[in-house]
Amino acid sequence: MAVLAIANCFICGCHSASSHRFISAIPRDETVAYSVSEHAGLSNAAHRHNISIYWNGSSGTNGTEQQIAMVERAISRGYLGIVLTPTAPFSLDTVIERALAKKIPVVILGAPISLPRDPNLSFILNDYQRSGALAAERIHQRIGNKGDIAVVGIDPMSPGSTIDADAFESTLHEIAPNINIVSRLTGPYSPGQAEIAIEQVLDEHPHLKAIYSLNLGITHGAVAAIRDSQRDGLITLVGNDQALDLLFLVRQNVIDSLVVQDMRGMGVQAVENIVALHEGRTIPPVTYFQPVLLTRANIDTETMQQRLKMDWRPSP
Amino acid sequence: MIRPYPRWAIIAAVLALAVMTLFLYTSVMHRDRRLPYHDSFAQNKATEWTPIGGNWQLIDGAVVNRSDENGAKLVTGSSRWKDYQLDADVKLIGHDGDVGLIARVGDEERGADSYNGYYIGLRSPDSALVIGHADHGWMEGRPVAMLGGVQIGVWYHLTVVLFGCDIGAEATNLVSGQKTYAAFEEKLCVEQGKIGLRSMSTGGAWRNINAQAATPAALVAIRSRSSFLATPNYPTREDDYDNMREAYFSSTFLPARSYRVEPALHNHSSGVPPVSIEMVRTSESQTAEVKLQGVVTLTSPLYIQDDSGGIQVELSSPVALNLGDEVEVTGRTQERDGSPFLLASNLALRGDHTLVAPVSVTSTQAAGGAFDARLVELRGILKGKGTSGNQITLQMEDSEQMFRIMDSGNLSLKTYDALAPGSELRVRGICTIGPDNQPGADAFTILLGSMEDVEVLSGPPWWSPRMLPRYILLVLSLIAAGLYTYLRIERWNMRAILDERERIAYSMHDTLAQSFAGVGFQLQGVRNGLRSGTLKFHAAMEKLDIACNLATQTHREASAQISALHPEYTESSDILTALQRSTQFLLAGEFPRLELVRSGNPRKLSMTTRDALFQIGREAISNILRHAAASKITLKLIYEARQVALEICDNGRGFSYPEHAEDFGVRGMRHRAERAHGKLVVETSPGNGTCVKARMPCGSRFGFAKRLQLYRGSGGPRGR
C-alpha cells in the first residue's frame, strides 16, 4: 500500500507542502507597487502566525473569471481564509457567499462592495472621503483660491471612486469655492483612451490648472497628455495610488503628488482578522485605514518608505 | 508439492516491480525531455510546449503570443534540468511590457509571477535587460540598461547561462549587433527546473530556442563582460528601486510614454471621420474609403470590434498586433459570400490594453447572423474533432444547432488531444457566418484565438453507445477472471482433499492395517497350531491375548482418527471440551482423572490455531494414555492478550528428552505448532511426569502466501 501511495504521488506530481496552512490573497493587479505593499503586509503578518500566503491575482485578461477560480480553489482546498480585492463590484458576490457558507473567513480589501452581513465577512477599506479631501487640499495649496480644474477617472461602478470624487468636490467647495471643476470624465479608460480624452479636455480648457486623477491608468494617460500638449509644469497633477513609475515621476516633479493608501497596513490587518475569527474572537465588520498624501518632499521619509515597503518575502 | 515462498521474497518482488514501473514511466514520460533541446517551430510543431495563459500561435517558424496578459507563459523541458544554457531570439510586439525567457521553472501556473524560477527579459519602459527571481512575487535581481534601447518589433538574441547559483545573460540586438550583459550569483538559488517563454503586458515572438548543458566557460564569458553582482539587488523599498534606477537607467528610463500612434503608422487621411462598424456592415459596398475604429479581437485572421459590431480586416501587408489593441483602419468595404470585410489601405495604432468582453449567446442567436464577426461566448457538446495541417476543427452541437470551432496553431494540440467527444464545452471566439459554412451543415463557425478559449464544463457521460464495447469487454474480463479464480480455488480444494485422503490412507496403513495384520498373524498362528496339534494351551492363550490387545489398540486408533476427522470437535466446541470428548473415544470409558483449567478472557481463535491446538492436545493425550501410566491429566487453556497457550501435563512416568522425542511424536507436534506460528515446549524427565506446552497467536496473522500454502495443503505432517 505504501509503495502504491508513493507511486501515485510520483505519477500525479503531488506537491510537498500540502499540509501547510494557507491564506489565499487575490489582488486586482498583483504587479503594481501598491499591491506588492499589500503582499508585504500579508506575508509579514502571516509569517508571525506560521501561515503561508498564496498570492495570485488577475493577469489582465478574464480577470474576474480568474478571481472566481481562485476563490473556488481556496474553498476546495480548505484555506484558512481569503483576502480579496474584487475586479468588479458584483461578479464575485456568489462565490464569496459560497466561501462564507463554508465558514471560510473572507476579507474584502479596498473595495466597499455590497454584500449581506456575515460574521466571517469583514471589510478593510481606504477612507476614500479622506482621499478626496487630501487631494482637494493639495490642489488648493498648489493653485490658490481660484482656477479651472478637471476630475478624471470617475468610475460609477466603483463605490470607492464615487465617494472619493464626491468628497473631493465637497471639500473643494468648502475651502475654495472659486475653484471650478470644468470637466468630469467618467468611465474606466485604458491609458491610451485616457490620454486622448484628457488631451481633448486640455484643448477645450487652455487655462486648466490642475487635474485630479482617480486611478492609476488614468494618471498614466494624464501624464502623457500633459506632455504631448507641452504643458509640463503648468498643470498640477494629483493622482491616486502608487506604481513605481508614478513614484519616479513624483520625484521628477512631473506628478505633483499621489494619494497613497496604506496597503501594507491593510494586508497586516487582513491576516489578523482571519486569525481572530479562527480563534473565536469577534472583529469589526469594517475597518478604515487613512491615506496620506505623498509628495516629493516626504517620499524619502522613513514613514512614507515603510508605507511603500514591498518586501513580500517572509521575514526570517 | 509447491514450495512456499518466504514473505520477504514476495515483498521484495513487489517492490522491485513497483520500482521498475516507476522507472519505465519516468523514462517514457521524459524520453523527449533530455538536453540538448531545440524547438521544431520551423516544422510547425510545438506539442511539447504547455501554454499557461496567453494567446499562442505558430507563425513562420516562430511562436507568437498575441495577448497583453500579465505573465503569459509557454513552458517545456524537464524539472530535473540543472545547469544549462538557454538561447532564443525574442521580439516585443507591443509597448509597455517585457518579453523574455524563464529558466529553472517549477510550480508554474497562470499569473504574472506565478512560478518559481528566473526571468531574463527585455523591458521596454526602461529599455532594460533584466534578470530576476519570481516565486509568486517578483524580485528584481539585476537590471542593466540596454545599449541602443529596447525597440519594438526588433529581434534580439538572448543567451542565458545557469551554472550552479550563477546566472548570466547576454542580449544582442540582431539589427545593430549591440550586446548587453548582466550576471549575478544567488546564495540560495533555484537549482533546477524547466525552460519557458514569458511576456508581460505585451505580445511577443520567440524563435530558435535551444537548450544545452552549460559549461563554466560560457558563464565566465558573460560574467567577465558584465558588472557581476555577488548578491542580487532584490529591492524591497521604493528608494531601493529609485537608487537602482539612478544607477542603471538614468539615461534610458522614460516612463509615461505617449500611447498614441507610432509615427510609421500615422494615418495620413485624417480628414475622414470614423464611422461605426455597424454602419459599414449594413451599407452597400462603396468605392469611397471609410475609417473605422475598433479593438482587435482576433489577430489571425484580423477582426476588430467596436460598440456596434465587428468586422474582418484584410491588410495588404502584415502588421504585428495584439489582442486589445485599439486601431484606426482606413479602407474600402468589400463583400465575400454575404459577409462584409474591410480591405485596409492604412492601419494606425491608437492604444492598447483594451479588453472586449464577449457576449454570451445561444447557438440559435449566433446562427441568426446578428453576431457575425463579433466576440461571443457559448456552450455546446463536442461531437467530433479533426485536424488538417495546422487547422484544428471541433464539431459541436447543442439542442438547437450544429456548429464548428476552428483554431490554428500546433500549440493547441495538447488541449485538443485531451478533449473527449461528449464533453460539454464553453468556447469564446469570433462568430462567423462565412464562406466555409455550407447550407444544411454547420450553422456558423467560431474562430478561436487559441485553445485556451475552450473550457471543459463537464466530461463525456460515463454511458454512451461508443463505450458499450469497452464495458462489455470489461465485464467479460471480470467474468473470465472470476471463473479462472474459482476454478483455481476448486482445484486447490480438490488437491487439499486428495492430500488429506492420502494422509489418512498412510495413517490407516501405518496403524490400522498394521494392527489388523498383527491380529491376523496371531489368529493364524493359533489356527495352525491347533490344526497341527503342536500348540499348547498357554501358548494359544498368549497368542489370543496378543490378538485381543492388538484389536483393542486398533479400535482405539480407529476411534482417534475418526474423532480427528469429525469437524465438530475443531470448530464449535471449546478446545478443552473437545479434547475431553476425544479421550473418551480413545479409552472407551476408562481414563485417568482429567482436570480442565481455563484462565484469561476467552476469545475467538482462528481455525488454524484451533486445529493445531486440538491435534497437539490429542496427540499428547494419546501419548499419555499409551505410555505414561498416569493417574491424572491436567489440560490447561490460557488466554493471553494476543496468544493462547495449551498445557497438557500428567503425573506419569515421564521420559528422557530429547533422546526419546521421536518415539512420542514430539517432532510432529512441534511442526504443527510452528505451522501455526507458535512454539512447543516439552518438560519431562524420567519419573517426573510430562508437560507438553504449546503457545501460538490467537488470531489470523498469516499473510496471503501463508494462507495460500495452508489452503493448498502442502507441507505439514502426515502422521506417519
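Owing to the predicted nature of the structure, the values given are computational and were not obtained by experimental measurement.

A few words on the packing of aromatic side chains. Per the counting criterion, the structure on display carries 10 aromatic pairs over all chains. On the numbers, 5.5 Å between centres and 25 degrees between planes, the contact of F22 of chain A with Y79 of chain A is stacked. Taken together, the positions of F22 of chain A in strand β1 (residues 22-26) and Y79 of chain A in the loop between α3 (63-76) and β3 (81-84) put the pair 57 residues apart, joining distant regions of the chain. Overall, the relative accessible area of 9% leaves Y79 of chain A in the buried class. Measuring from centroid to centroid gives 4.7 Å for F403 of chain B and F444 of chain B, while their planes differ by 10 degrees, and the two rings are stacked. Remark: F444 of chain B occurs in the loop between β26 (424-432) and β27 (445-447) and F403 of chain B occurs in strand β25 (residues 402-408); sequence separation between them is 41 residues. On the accessibility criterion, F444 of chain B (0% relative accessible area) is buried. One Lys or Arg, R207 of chain B, reaches over the ring of W155 of chain B and ends 3.9 Å from the middle of that ring.

Moving on, we get to the domain arrangement of chain B. Residue and element names in this part refer to chain B. Here chain B is partitioned into domain 1 (37-259), domain 2 (274-351), domain 3 (359-458) and domain 4 (566-720). Using only C-alpha atoms to locate each centre, domain 1 and domain 2 end up separated by 34 Å. On the domain 2 side, the residues contacting the 12 residues of domain 1 number 10 residues. Between domain 1 and domain 2 lies a buried interface of about 740 Å² when both sides are counted; carbon and sulfur atoms form 42% of it. Our count for the domain 1 to domain 2 interface comes out at zero salt bridges. Taken together, the connections running from domain 1 to domain 2 amount to three residue pairs in polar contact (both at pLDDT 80 or more). Tallied by class, residues from the side of domain 1 that touches domain 2 come to two nonpolar, eight polar and two charged.

What follows concerns helix α7 (residues 191-204) of chain A. All names here are of chain A. Along its 14 residues, α7 runs 20 Å from first to last C-alpha, staying within 8% of the 20 Å computed at 1.5 Å per residue. Every buried residue belonging to α7 is among P191, G192, A194, E195, A197, I198, E199, V201 and L202, and all of these are buried. Residues of α7 that are buried sit in contact with β6 (147-154), β7 (179-186), β8 (208-213) and α8 (216-228).

Here S606 of chain B is to be found in the loop between β29 (593-599) and α11 (607-628). Side-chain polar atoms of S606 of chain B contact the side chain of T609 of chain B, separated by 3.0 Å.

All names here are of chain A. Between helix α5 (residues 128-143) and helix α6 (residues 159-175), the shortest axis-to-axis distance is 7 Å and the interhelical angle comes to 40 degrees. In terms of orientation, α5 lies oblique with respect to α6. At the point where α5 passes α6, the crossing takes the right-handed sense. Seen from α5, the contacting residues are Y128, Q129, S131, G132, A133, A135, A136, E137, I139 and H140; seen from α6, they are G160, I163, D164, A167, F168, T171, L172 and I175. Residues of the contact of α5 with α6, tallied by class, amount to 10 nonpolar, six polar and two charged.

The next thing to look at is the interface of chain A and chain B. In this complex, chain A contributes 49 residues to the contact, which on the side of chain B involves 44 residues. Summed over both sides, the interface of chain A with chain B buries roughly 3,900 Å², with 55% coming from carbon and sulfur. Looking only at chain A, the three residues that lose the most surface to chain B are S59, F248 and W312 of chain A, adding up to 14% of its buried area. Inspection of the chain A/chain B interface yields five salt bridges. With its nearest N and O atoms 3.1 Å apart, the salt bridge here joins E65 of chain A to R428 of chain B. On inspection of chain A and its partner chain B, the count reaches 15 residue pairs in polar contact (both at pLDDT 80 or more). The set of elements that each furnish at least two residues to the side of chain A that touches chain B consists of α1 (2-12), β2 (52-55), α3, α7, α8, α9 (244-251) and α11 (302-307) of chain A. Split by residue class, the side of chain A that touches chain B holds 18 nonpolar, 16 polar and 15 charged.

Attention shifts here to the sheet that holds strand β11 (residues 286-289) of chain A. Either a parallel or an antiparallel arrangement is found when strands of a sheet pair, and the pairing is made through backbone hydrogen bonds. Residue and element names in this part refer to chain A. With parallel pairing, six strands are arranged side by side in an open sheet as β2-β1-β3-β4-β5-β11. Bordering the open sheet on either side are β2 and β11, each of which pairs with just one other strand. Geometrically, the sheet is characterised by an average inter-axis angle of 20 degrees between neighbouring strands, direction not taken into account. Lying over the sheet, helix α4 (residues 93-101) contacts β3, β4 (106-109) and β5 (121-126), oriented at roughly 145 degrees with respect to β4.

Quick look at the side chain of R428 of chain B now. Mapped onto the fold, R428 of chain B is located in strand β26. By relative accessible area, R428 of chain B is classed as buried at 11%. At 2.8 Å, the side chain of R428 of chain B and the side chain of E377 of chain B are in polar contact. Discounting chain neighbours no more than four positions away, the residues touching R428 of chain B are N62 and E65 of chain A together with P358, L375, V376, E377, I446, L448 and D453 of chain B.

On to the pairing of strand β24 (residues 391-397) of chain B, then. Residues and elements named next belong to chain B. With burial as the criterion, only one face of β24 is covered, namely that bearing I392, L394 and M396; the residues Q391, T393, Q395 and E397 on the opposite face remain uncovered. Sheet topology note: the strand β23 (residues 375-388)/β24 ladder contains seven bridges and is antiparallel. From the neighbouring strand, T387 faces β24, where its bridge partner is I392. Adjacent in sequence and paired antiparallel, β23 and β24 are bridged by two residues, among which G389 carries a positive phi angle near 65 degrees. In the sheet, β24 pairs with β25 via seven bridges, with the strands oriented antiparallel. Bridged to Q395 within β25 is R404. What sits between β24 and β25 in their antiparallel hairpin is a turn of four residues.

Residues and elements named next belong to chain B. The buried fraction of strand β11 (residues 156-163) is high, at seven of eight residues. As paired strands, strand β6 (residues 84-92) and β11 are joined by seven bridges and run antiparallel to one another. Bridge assignment links A88 to a residue of β11, and that residue is L158. Relative to strand β12 (residues 166-173), β11 runs antiparallel, the two being bridged by eight bridges.

Thresholds, definitions, all that
- Once a new chain begins, its residue numbering starts again from 1 and follows that chain's sequence as written.
- As a convention, the first chain written is A and the first ligand written is 1, with the rest following in written order.
- Whole-chain, interface and lining totals are the exception, using all residues; otherwise, since this is a predicted model, local features are given only for residues with pLDDT of at least 70 and side-chain atom pairs are given and counted only at 80 or more.
- Excluded from the side-chain calculations are hydrogens and water; all other atoms, namely the structure's heavy atoms, are used.
- Here a Phe, Tyr or Trp ring, Trp counted by its six-membered ring, pairs with any other such ring whose centre lies within 6.5 Å, and the pair is stacked when the planes are under 30 degrees apart, edge-to-face when over 60, and tilted otherwise.
- Counting from the N terminus, the helices are the DSSP runs of H or I reaching at least four residues and the strands are the DSSP runs of E reaching at least two.
- Exposure categories follow from relative accessible area, calculated using a 1.4 Å probe and restricted to protein chains: below 20% of the type maximum is buried, above 50% is exposed, and the middle band is partly exposed.
- Our definition puts a charge over a ring when NZ of Lys or CZ of Arg is within 6 Å of the ring centre and also within 35 degrees of the ring normal.
- The split of the chain into domains comes from an automatic or database domain assignment.
- Note on contacts: a residue pair is in contact if any heavy atoms of the two residues lie within 4.5 Å.
- Take the accessible area each of two parts loses on contact, using a 1.4 Å probe, and add the two losses: that sum is the buried area.
- Basic side-chain nitrogens of Lys or Arg form a salt bridge, by our definition, when they fall within 4 Å of a carboxyl oxygen of Asp or Glu.
- Whenever a nitrogen or oxygen atom comes within 3.5 Å of another N or O atom, the pair is scored as a polar contact, on the condition that within protein one atom can donate a hydrogen and the other can accept it, and that pairs from neighbouring residues in sequence are kept only if both atoms are in side chains.
- Charged residues are taken to be Asp, Glu, Lys and Arg, nonpolar residues to be Ala, Val, Leu, Ile, Met, Phe, Trp, Tyr, Cys and Pro, and polar residues to be all remaining types, Gly included.
- For a helix, the expected span equals 1.5 Å multiplied by the residue count minus one.
- All axes here are fitted lines through C-alpha atoms, helices being fitted over the stretch that makes contact, and every angle between N-to-C directions spans 0 to 180 degrees.
- Should an angle lie under 35 degrees it is considered roughly parallel, over 145 roughly antiparallel, and from 65 to 115 roughly perpendicular; all remaining angles are considered oblique.
- Take the far helix as the reference: if the near one is turned anticlockwise from it by less than a right angle, the crossing is left-handed, and if turned clockwise, right-handed.
- Strands qualify as paired when DSSP identifies two bridges or more between them.

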